[in-house]
Amino acid sequence: MHTSNAIFANDIELTIRQMQNEKQREVYMRFFKTKKGEYGYGDTFLGVTNPQVRLVVREAWKQTSTEEATKLITSQIHEVRLCGLLILTKKMEQAVKRANDSEMRHIFELYISLHKHINNWDLVDLSANIIAGFWEVHHPEEHRLDEWIDASNSTLWQKRIAMISTWRLIRYGRYDEVVARATKLLNSNEDLLHKATGWMLRELGKNGGMDILLSFLENNVQKMPSVMLRYAVEKLPPQERKYWLERRKAS
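Residues numbered from 1 in each chain as written. Predicted model: local features only at pLDDT ≥ 70, side-chain atom pairs only at ≥ 80, totals over all residues. Heavy atoms only, no water.

### A word on the packing of aromatic side chains
Okay, so step 1: Within the structure shown, the criterion is met by 10 aromatic pairs.
Okay, so step 2: With 4.9 Å between their ring centres and 70° between their planes, Tyr243 and Trp244 make a pair best called edge-to-face.
Okay, so step 3: Classification of Trp244 by relative accessible area gives buried; the value is 5%.
Okay, so step 4: What links up through ring pairs into an aromatic cluster is the set Tyr28, Phe31, Phe32, Phe45 and Trp121.
Okay, so step 5: The residue whose ring lies beneath Arg168 is Phe134, and the NZ or CZ to ring-centre distance is 4.3 Å. (Phe/Tyr/Trp six-rings, centres within 6.5 Å; stacked < 30°, edge-to-face > 60°. Buried < 20%, exposed > 50% of the residue type's maximum accessible area, 1.4 Å probe, protein only. Lys NZ or Arg CZ within 6 Å of the ring centre and 35° of its normal.)

Right, here's the structure in full:
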């Protein structure tokens, strides 16, 4: 990397490329479902681990502009896109800490404009709750992610971003959005959305919303996809978890 103040996308990508590991690359190609017809088809991996990418982010994010981060996020290489997204999350956290609303808006708008490149579950899960989530916390009037949930032409990844962003809302006691988005995803055919929804429902129960979780289960247990239900009840006491799973089987 350059030792000058500014760090550029090309330098960061070169650093990541130098960490390439063929054995790990083959593992990732299977794990992230890159075969034809699978959700990650066409993605390119180097086999660089998450901790390695985070080390690059830690060293580079303060000196990397959002414009350079954008270049990383539009890369064909998965780990490079991840690096760019993690740089943006750092910048969003800094903007939140400084109560810099214009910078928060800039990062959020940039993030949603790049949604086509946020195209695997790890990229979504490591960025949405910070970038989209913090924006929604500070701007409850913001409904674009609700629109993503509603729209018939939204992609799997847009809908997952909208669902995972509620993780941040949960921590601020904003439970209604979780329930509303979860309800709209009950009829989804996507396993990755079932998992994300069940996960957020589980977090809702763990973070002060147990009564709301149980109410949601009572109203929807027969309609919930099995994987969504399993995720949602995972942290309940064993007997209670068994009760809900058996209720769904009986439906």
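Following the structure, the description resumes.
### Thoughts on helix H13 (residues 191-206)
Okay, so step 1: Helix length check: H13, at 16 residues, gives a terminal C-alpha distance of 23 Å against a target of 22 Å (1.5 Å per residue), a fit within 8%.
Okay, so step 2: Counting buried positions along H13 yields 13 of 16 residues, so the element is predominantly enclosed.
Okay, so step 3: A positive backbone phi angle near 95° is found at Gly208, which sits one or two residues after H13. (Helix = DSSP H or I, 4+ residues; strand = E, 2+ residues; numbered from the N terminus. Expected span 1.5 Å × (residues − 1).)

### Comments concerning the pattern of salt bridges
Should their charged atoms come close, side chains of opposite charge can pair.
Okay, so step 1: Scanning the model with the defined rule gives 16 salt bridges in all.
Okay, so step 2: Glu13 is paired through a salt bridge with Arg17; the nearest N and O atoms lie 3.1 Å apart. Separated by 4 residues within a single helix, Glu13 and Arg17 lie in helix H1 (residues 9-17), roughly one turn from each other.
Okay, so step 3: Given a relative accessible area of 41%, Arg17 falls into the partly exposed group.
Okay, so step 4: Residue Asp150 pairs with Lys184 through a salt bridge whose shortest N-O separation is 3.0 Å. Here Asp150 is found in helix H9 (residues 144-150), whereas its partner Lys184 is found in helix H12 (residues 175-184), with 34 residues between them in sequence.
Okay, so step 5: Taken together, the salt bridges that share partners define one network made up of Arg202, Glu203, Lys206 and Glu234. (Salt bridge = Lys/Arg side-chain N within 4 Å of Asp/Glu carboxyl O.)

### Topic: the nonpolar core
Okay, so step 1: In terms of nonpolar packing, the biggest core is built from 75 residues, with Ile12, Met92, Tyr111 and Met224 touching the most fellow members.
Okay, so step 2: In terms of residue count, helix H5 (residues 78-97) provides more of this core than any other element does, 10 residues in total. (Core = buried A, V, L, I, M, F, W, Y, C linked by side-chain atoms within 4.5 Å.)

### What about the packing of helix H4 (residues 66-73) against H5?
A pair of packed helices is characterised by two quantities: the angle between their axes and the separation of those axes.
Okay, so step 1: The interhelical angle for the contact between H4 and H5, taken along N-to-C directions, is 150°, at an axis separation of 7 Å. As judged from the angle between their axes, H4 and H5 are roughly antiparallel. You can see that H4 and H5 cross each other, and the crossing is left-handed. Along the contact surface, H4 presents Thr66, Ala69, Leu72 and Ile73, while H5 presents Val80, Arg81, Gly84, Leu85, Ile87, Leu88 and Lys91. (Axes fitted to C-alpha atoms, helices over the stretch in contact; angles between N-to-C directions. Parallel < 35°, antiparallel > 145°, perpendicular 65-115°, else oblique. Left-handed = near helix turned anticlockwise from the far one by under 90°. Contact = heavy atoms within 4.5 Å.)

### Things to note about the environment of Ile73
Okay, so step 1: Along the chain, Ile73 turns up in helix H4.
Okay, so step 2: Given the relative accessible area of 0%, Ile73 is considered buried.
Okay, so step 3: Ignoring anything within four residues of it in the chain, the contact list for Ile73 reads Arg81, Gly84, Leu85, Leu88, Leu114 and His117.

### Let's talk about the environment of Gln94
Okay, so step 1: Along the chain, Gln94 falls in helix H5.
Okay, so step 2: A relative accessible area of 27% means that Gln94 is categorised as partly exposed.
Okay, so step 3: With 96 residues separating them along the chain, Gln94 and Glu190 place their C-alpha atoms 34 Å apart.

### So, the packing of H1 against H5
Okay, so step 1: Running from N to C, H1 and H5 point in directions that differ by 130°, and their axes come no closer than 10 Å. Comparing their axes, H5 and H1 come out oblique. Every pair of crossing elements has a handedness; the one defined by H1 and H5 is right-handed. Note on element contacts: H5 touches H1 through Glu79, Val80, Cys83 and Ile87, opposite Ile12, Glu13 and Ile16.

### Here's the deal with unusual backbone geometry
Okay, so step 1: Not every positive phi belongs to a glycine, and Lys33 is a case in point at roughly 55°.
Okay, so step 2: Considering the arrangement of structural elements, one finds Lys33 in the loop between helix H2 (22-31) and helix H3 (50-60).
Okay, so step 3: The class of Lys33 is partly exposed, set by a relative accessible area of 35%.

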